[in-house]
Amino acid sequence: MGCRAKIFVRCYTAGFRFSARMTKSFGAVCGVYSCLLFAIILIIAGTLQAETPPPSSMPSPSPADYDLRWGVKIPVRDKVELNATLYLPKTPDGKLSKTPVIFTLTPYISDSYHARGAYFASHGYAFALVDVRGRGNSGGEFEPFVNDPRDGHDLVEWFAKQPFCDGKVAMWGGSYAGFDQWATAKELPPHLATIVPAAAAHPGLDYPSTQNVGLTYDMQWYTFTSGRTGQQNLFGDQKFWRTKFLDAYKKHIPFKSLDSFVGNPSVNFQRTLKHPTLDAYYDAMVPTREQFQKITVPVLTITAQYDGDELGALSYYRDHLANSSPEVRAKHFLIIGPWDHAGTRTPTDEVAGVKFGPGAVIDLNDLHRQWYDWTMKSGPRPEFLKNQVAYYLLATGNSGANGEWKYADNFETLVANPKIFYLDSKNGDANGVFRSGSLAEKRPDAGSDTFTYDPLDTTRGETVDGIDPKEKTAGIDQTYPLSIGKDGLVYHTEALPNETPFIGCPAVTLWVSIDTPDVDLSAHLYEIQPDGTGIVLWSDARRLRYRDSLREAKPVKPGEIVRCDFNPGLFVARRLMKGSRLRLVVSSPNSIHFQKNYCSGGVVAEETAKDARTCHVQVYHDPTHPSTIHLPLR
């Protein structure tokens, strides 16, 4: 979940959180906020990150391979009973064998993961699919993320005592079920042996907003998880949701009324509006520094370059390593594939028009099995894990050919020492793709560029977003940058003289002034290949009042020059073509996918057209205020 886009959807994912495959049926539902969370979130609702289960591509094992126990009730500390479906290995003599137990805790109804349970049971593990509190056949009330830490702890200890368990308990899953692995681990259940969090959502960072910028997708997800049964068909009706979001956008409906506007007044949606910043409500859901220090079990983190929850997944990874001993760090492995949110469990060779190649399609079920064998059955370390960090380096062009897995001793060294490029322009003219400014290694002498954000202008939502998700081409679509005029800025590097690896975490620093109390800003990065093909690489969004802290607003004084950093730590690995240029687009989010900031400085969720103030944004590039971009060119 993590509910969004790498901004590619890397989305949220948050995602943003909806994978193209997920729109076809519930089995195809995928995602939680997409990672390039802005780029594709903005351009593609189709890969929006949903906190939903990914499609399953592997055939179910023969029914003879496992035994089933349906409707098992598990009491937790407050006497609420959670519902589980158990898949148990079948033995030749019919006797119950003692094995490690793997479980997933999901809001998507346990039947969604039937094929996974059958797979692991047929490979010698007891596997349990557990409905989270208040969903499916579990008791209690569903309040996303709140009860999972305690419930996860109690589940681990309950399974450890069962006659089919050998005392070792592990977890499986991604998105929401990636989050609740970290949530469970922070409670330090004694019998937890290992976790494998994939695409883990991180409350307060990528759910329910991306860095305090709200997402309309939230209401799509809250509707999906309303009641106790699945709402997969309604959730997957992209045309309905985009039409509703576009209508709300054009009518300037306040964000706080979005739930009623779409026809589903939501207690959970309204709860999150009471917490518009990172605060104690979200802190209680994820590990503290002290808890990270005490998490010593082996961990395999899985995320991807187009995963809407890459932000969350890498935040957990960095925080755990930063607070662990060398011995514990040696047991934490990281995989960064090229995929989208759903691909972190069921890899594909292409997403949204970006082709990865056959090397990207690895058997993650088998890798999980090998990991569990290693950590709980004294088996060998999985051969795929040749080093602490495995990442997929996308090939040049967009054929997908020659993409390959690469390895590194540690992530910090892998992403170190990017090159600094400075924003510049001639005569303050950078308002468009064909009259752009430059990105150069030489520090500029003076200058600034200006764009205008009018909250009442609905052109982009109507013409760029629209109701067509462009899900098959969002990763190569150039509609958004080509739409930029006086409402944004565009900068290009010179053409690359040689094929160049681009491996690391881009970051942008803008020195800006505005004439309103607040505004939202976005930055998007593309590779523009010699033939004009554009590939979405990275993006980020920021609310200027939270430029210094996600916990505390700091109003901007009119005319005051302030620094705004776009540094989410999202990883990109691609070989750039000889002759390619990199394109940076700076603008303000004005999209059907984002909560609209009307620039009044008030409570954004309550603002409407009557609060709107046109904002003139000035981006500086002078010796005192050098706006820059860090590009990991190798």
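Above this text is the structure in question.
Notes on the structure in this doc start here. (Residues numbered from 1 in each chain as written. Predicted model: local features only at pLDDT ≥ 70, side-chain atom pairs only at ≥ 80, totals over all residues. Heavy atoms only, no water.)

Once that is clear, we can look at the overall build of the protein chain. Per the secondary structure count, the protein chain includes 17 helices and 29 strands. Burial statistics for the protein chain: of 634 residues in total, 66% are counted as buried. With the model as given, the accessible surface of the protein chain reaches about 21300 Å², and the carbon-plus-sulfur share is 51%. (Helix = DSSP H or I, 4+ residues; strand = E, 2+ residues; numbered from the N terminus. Buried < 20%, exposed > 50% of the residue type's maximum accessible area, 1.4 Å probe, protein only. Areas by Shrake-Rupley, 256 points an atom, 1.4 Å probe, with all protein chains shown as cover.)

A few words on the packing of aromatic side chains. One pass over the full model with this rule turns up 39 aromatic pairs. Judged by centre distance (5.5 Å) and plane angle (50°), the rings of Tyr-66 and Tyr-87 are tilted. With a gap of 21 residues between them, Tyr-66 in strand β1 (residues 66–75) and Tyr-87 in strand β2 (residues 81–89) connect regions that are remote in the sequence. Tyr-66 gets classed as buried once you look at its relative accessible area, which sits at 12%. Taking the centre distance of 6.1 Å and the plane angle of 75° together, the rings of Tyr-207 and Trp-221 count as edge-to-face. Residue Tyr-207 is located in the loop between β8 (197–198) and β9 (209–210), and its partner Trp-221 is located in helix α5 (residues 217–224); the two are separated by 14 residues in the primary sequence. Under the relative-accessibility criterion, Trp-221 is labelled buried at 0%. Here the aromatic cluster, defined as three or more aromatic residues joined through ring pairs, consists of Phe-142, Phe-145, Tyr-176, Phe-179, Tyr-207, Trp-221, Tyr-222, Phe-255 and Phe-269. Geometry around Phe-261 places Lys-244 over its ring, the cationic atom sitting 5.1 Å from the centre. We note Lys-377 situated over the ring of Tyr-125; from NZ or CZ to the ring centre the distance is 4.0 Å. (Phe/Tyr/Trp six-rings, centres within 6.5 Å; stacked < 30°, edge-to-face > 60°. Lys NZ or Arg CZ within 6 Å of the ring centre and 35° of its normal.)

Scanning the model with the defined rule gives 22 salt bridges in all. Measuring nitrogen to oxygen at the nearest pair gives 3.0 Å for the salt bridge that ties Lys-90 to Asp-67. In this pair, Lys-90 is assigned in the loop between β2 and β3 (99–106) and Asp-67 in strand β1, connecting sequence segments 23 residues apart. Residue Asp-78 is joined to Arg-133 by a salt bridge in which the shortest nitrogen-to-oxygen separation is 2.8 Å. Here Arg-133 lies in the loop between β4 (126–131) and α3 (148–160) and Asp-78 lies in the loop between β1 and β2, a separation of 55 residues in the sequence. What you see here is one network of salt bridges that share partners, running through Asp-78, Arg-133 and Asp-151. (Salt bridge = Lys/Arg side-chain N within 4 Å of Asp/Glu carboxyl O.)

Residue Tyr-207 is joined to Pro-208 through a cis peptide bond whose omega torsion reads -5°. Mapped onto the fold, Pro-208 is located in the loop between β8 and β9. Of note in this structure, Ser-175 is not a glycine but carries a positive phi near 65°. Along the chain, Ser-175 turns up in the loop between β6 (173–174) and α4 (176–185). Positive phi outside glycine occurs at His-252, with the angle close to 55°. Within the element layout of this structure, His-252 appears in the loop between α7 (238–251) and α8 (258–262). The class of His-252 is buried, set by a relative accessible area of 12%.

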